[in-house]
2 protein chains.
Amino acid sequence: MNERIGFIGLGIMGTPMSRHLLNAGFQVTVWNRTPARARPLVEAGAGQGKSPADVAARSDIIITMVGDSSDVEEVIARKNGVIEGAKRGSAVIDMSTISPVTSRMLALKLAEKGVQMLDAPVTGGSAGAQNATLSILVGGDKATYERCLPVFQKLGKNITLVGPNGAGHTAKLANQILVAGCMSGIAEAMVFAKKAGLDLGVWFEAVKNGAGTSWHLTTQGPKVLDGDFSAGYMVKHHRKDLRLIQETAHEMGVPLPVASAVLQLYRALQSMGGDELGHQALVKVYESLARVEARR
Amino acid sequence: MNERIGFIGLGIMGTPMSRHLLNAGFQVTVWNRTPARARPLVEAGAGQGKSPADVAARSDIIITMVGDSSDVEEVIARKNGVIEGAKRGSAVIDMSTISPVTSRMLALKLAEKGVQMLDAPVTGGSAGAQNATLSILVGGDKATYERCLPVFQKLGKNITLVGPNGAGHTAKLANQILVAGCMSGIAEAMVFAKKAGLDLGVWFEAVKNGAGTSWHLTTQGPKVLDGDFSAGYMVKHHRKDLRLIQETAHEMGVPLPVASAVLQLYRALQSMGGDELGHQALVKVYESLARVEARR
């Protein structure tokens, strides 16, 4: 509990996560691009850094929870970034979902300064962040993983060291391919069934416990039936993941016909103005293609 | 229990199904294209029909459990078919998975003779047939459904009247789209993760309870990891379902980019000689494309 924590990125995920660490008794210094976002945490006892470099100078373990690869690069490696303030022996944990290639490059840069890095993307969404039940997929060396484990344990339940630097992101991206398969299958099946004249509510009850079932079918299926397209997980975030998957697959030379098709469908949804909807809104692309509404 | 049952098609599914009916005390008459297949059932007390027409003449409810649309057409509507022997007031239940269009056409032909028809495809595979735990998706009228319910209850657990004639097949095909989404996502994710250098066993444990999970991930994932490509559900059968899905989607004008891609991948697997493997062998196509083996 003597490790001082820096927390950079106070969005839907970062805010409850940093609060958990504060409540657990850690000394926490926060920073956010929009400073107003830090106020509730500062009122609850967090320090407020002037910049990512300043946060790093005041911390032993620095967590970043921002958006895309370029955002992580910005707060870690550019002017006033973590790398300018972090002292030898400190550790950086990036919990965003970004490119494994970018992540490995940042780990190398930090290592030159004697700073260890872990990539530790999460699954479980905003509910997981609020309830500290996130699954955490960690890439990095075992000693740093063990050092940071008490921090992870305040944020999530299912914590796994999956491999060296970058492996956490790779594991997360592979998980997002699973999600793409499930969600596209659900959207296609529902529009197919509705267009054929089936009562979708009856169909859902008949198949939801069968061999076609998935976490997505049982949680997102009812939302689609109810016409609820609010965001648990935003289209633009799954779209970003699928772009990262394509970039990584491109580097490795792995053809991904299904994940690639799903990325194109999310782009169609983006062009329809659906980027801030929940990713179950993928069904809207199919509804538009087939001229039918998959609702009860 | 006074209804006499005819059972046509004694394959992996039909053999245990007809035995359940025999054990339940029904008078059962069987027929199979290869007559030797009928022997164990005849020894157990079943009658043996000379033809589908002969089976129909000796039965009140005639069940067909054969292969594709053309097989069902053959045993019902062609020479020596059910339609030649079935008496007014009898009922035909087709439990194969075939085209909803063919099924509706057969229902109309049988109705002209005063014979009711239900389509009642199943999910749950050979284990479901053996343990009488099949899910049964029924299309047809409510009175015929209720008449046949005591028969269904000897064969499965989750029995649903999903709509009029053809609706059972449509519901089953929509379920097979769910399966295609799950299975392709799993195959792509595993090959992606393996090519990126992850330990697939560690990855599987880290994600199997998360948002990307599915019945397929937890049951087929371990088989892939162990290099077990034996058939619970054969490639050629899922390939047939996906072809029927495309035919039906073509009739309705529903674009299905993901299910269509998966059909092409199964065709690749067919060309690799994998038609009789289990459908988890879809991963072999990706392994071939990416030059990597997704095994432990």
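Not measured: the values here are computed from a predicted model.

Q: Let's hear about the relation of the copies chain A and chain B: which residues, and what values?
A: With an RMSD of 0.0 Å, the operation that places chain A on chain B is a rotation of 180 degrees combined with a shift of 0.0 Å along the axis. Taken together, these values place the two copies in the relation of a two-fold axis. Within chain A, Ser214 of chain A has its C-alpha nearest the rotation axis, a separation of 1.8 Å. Here 100% of the interface residues in chain A have copies in chain B that are interface residues too; the copies meet face to matching face.

Q: Describe the pairing of strand S9 (residues 156-163) of chain A, with residues and values.
A: Pairing analysis gives six bridges linking strand S8 (residues 134-139) of chain A to S9 of chain A, with the strands arranged parallel. Residue pairing in the sheet places Leu134 of chain A in a bridge with Gly156 of chain A of S9 of chain A.

Q: Describe helix H1 (residues 14-23) of chain B, listing the residues and the values that go with them.
A: Within the sequence span of H1 of chain B, burial applies to Gly14, Pro16, Met17, Ser18, Leu21 and Leu22 of chain B. Phi turns positive one or two residues past the end of H1 of chain B, at Gly25 of chain B, with a value near 100 degrees.

Q: Describe the interface of chain A and chain B, listing the residues and the values that go with them.
A: Taken together, the contact between chain A and chain B spans 57 residues of the former and 57 residues of the latter. Both sides of the chain A and chain B interface together cover about 4600 Å² of buried area, and 75% of this is carbon and sulfur. For chain A, the biggest contributors to the area lost against chain B are Leu178, Glu188 and Phe192 of chain A; these three give 16% of the whole. Where chain A meets chain B, there are zero salt bridges. Put simply, the parts of the chain that give the side of chain A that touches chain B at least two residues each are S9, helix H9 (167-195), helix H10 (200-207), helix H11 (215-225), helix H12 (235-252), helix H13 (257-271) and helix H14 (282-290) of chain A. Per-element accounting of the side of chain A that touches chain B gives the leading share, 20 residues, to H9 of chain A. The residue makeup of the side of chain A that touches chain B, split by class, is 40 nonpolar, 14 polar and three charged.

Q: For the packing of aromatic side chains, give the residues involved together with the corresponding values.
A: Residue and element names in this part refer to chain A. This structure, assessed with the given rule, holds two aromatic pairs over all chains. Judged by centre distance (6.5 Å) and plane angle (35 degrees), the ring pair of Tyr145 and Phe152 falls under tilted. For the pair shown, Tyr145 and Phe152 are each scored as buried.

Q: How would you explain the domain arrangement of chain A if you had to name every residue and give the values?
A: Residues and elements named next belong to chain A. Each domain of chain A was delimited in the assignment, giving domain 1 (5-164) and domain 2 (171-290). One C-alpha centre belongs to domain 1, the other to domain 2, and the line joining them spans 29 Å. The partner domain 2 presents 11 residues to the 14 residues of domain 1 that form the contact. Carbon and sulfur atoms supply 65% of the area buried between domain 1 and domain 2, which totals about 910 Å² over both sides. Linking domain 1 to domain 2 there are one salt bridge. As a salt-bridge pair, Arg243 and Asp68 come within 2.4 Å of each other at their nearest N and O atoms. Those elements that place two or more of their residues in the side of domain 1 that touches domain 2 are helix H6 (100-112) and strand S7 (122-123). A per-class count over the side of domain 1 that touches domain 2 returns seven nonpolar, six polar and one charged.

Q: Can you break down the packing of H13 of chain A against helix H13 (residues 257-271) of chain B residue by residue, with the values?
A: At a closest axis distance of 10 Å, the pairing of H13 of chain A and H13 of chain B adopts a crossing angle of 165 degrees. Our classification of the angle between H13 of chain A and H13 of chain B gives roughly antiparallel. H13 of chain A and H13 of chain B meet at a crossing whose hand is right-handed. Of the residues in H13 of chain B, those touching H13 of chain A at Pro257, Val258, Ala261, Val262 and Leu265 of chain A are Pro257, Val258, Ala261, Val262 and Leu265 of chain B. Considering only residue class, the contact of H13 of chain A with H13 of chain B consists of 10 nonpolar, no polar and no charged.

Q: Go over the packing of H9 of chain A against H12 of chain A, please, and point to the residues and values.
A: All names here are of chain A. Between H9 and H12, whose axes approach to 10 Å, the crossing angle comes to 120 degrees. With respect to their mutual orientation, H9 and H12 come out oblique. Along this stretch, H9 crosses H12, giving a crossing that reads as left-handed. Contacts between H9 and H12 involve Leu173, Gln176, Ile177, Val179 and Ala180 from the former and His238, Asp241, Leu242, Leu244, Ile245 and Thr248 from the latter.

Q: Tell me what's going on with the pattern of salt bridges, and back it up with residues and numbers.
A: In total, this model carries 30 salt bridges over all chains according to the counting rule given. Between Glu74 of chain B and Arg78 of chain B there is a salt bridge, with its nearest N and O atoms 3.4 Å apart. Arg78 of chain B gets classed as partly exposed once you look at its relative accessible area, which sits at 40%. In this structure, a network of salt bridges that share partners links the residues Arg4, Asp60 and Lys87 of chain A.

Q: Talk me through unusual backbone geometry; I want residue IDs and the actual numbers.
A: Residue and element names in this part refer to chain B. Even without a glycine there, the phi angle at Asn80 is positive, about 65 degrees. Mapping Asn80 onto the fold places it in the loop between helix H4 (69-77) and helix H5 (82-85). Residue Asn80 is classed as partly exposed on the basis of its relative accessible area, which comes to 36%. For Ala132, which is not glycine, the phi dihedral falls at a positive 55 degrees. Summarising the element assignment, Ala132 is placed in the loop between helix H7 (125-131) and strand S8 (134-139).

The rules we used
Residues numbered from 1 in each chain as written. Chains lettered and ligands numbered in written order. Predicted model: local features only at pLDDT ≥ 70, side-chain atom pairs only at ≥ 80, totals over all residues. Heavy atoms only, no water. Least-squares fit on C-alpha atoms with pLDDT ≥ 70 in both. Contact = heavy atoms within 4.5 Å. Pairing = 2+ DSSP bridges. Helix = DSSP H or I, 4+ residues; strand = E, 2+ residues; numbered from the N terminus. Buried < 20%, exposed > 50% of the residue type's maximum accessible area, 1.4 Å probe, protein only. Buried area = accessible area lost by both parts, 1.4 Å probe. Salt bridge = Lys/Arg side-chain N within 4 Å of Asp/Glu carboxyl O. Nonpolar A, V, L, I, M, F, W, Y, C, P; charged D, E, K, R; others polar. Phe/Tyr/Trp six-rings, centres within 6.5 Å; stacked < 30°, edge-to-face > 60°. Domains from an automatic or database assignment. Axes fitted to C-alpha atoms, helices over the stretch in contact; angles between N-to-C directions. Parallel < 35°, antiparallel > 145°, perpendicular 65-115°, else oblique. Left-handed = near helix turned anticlockwise from the far one by under 90°.

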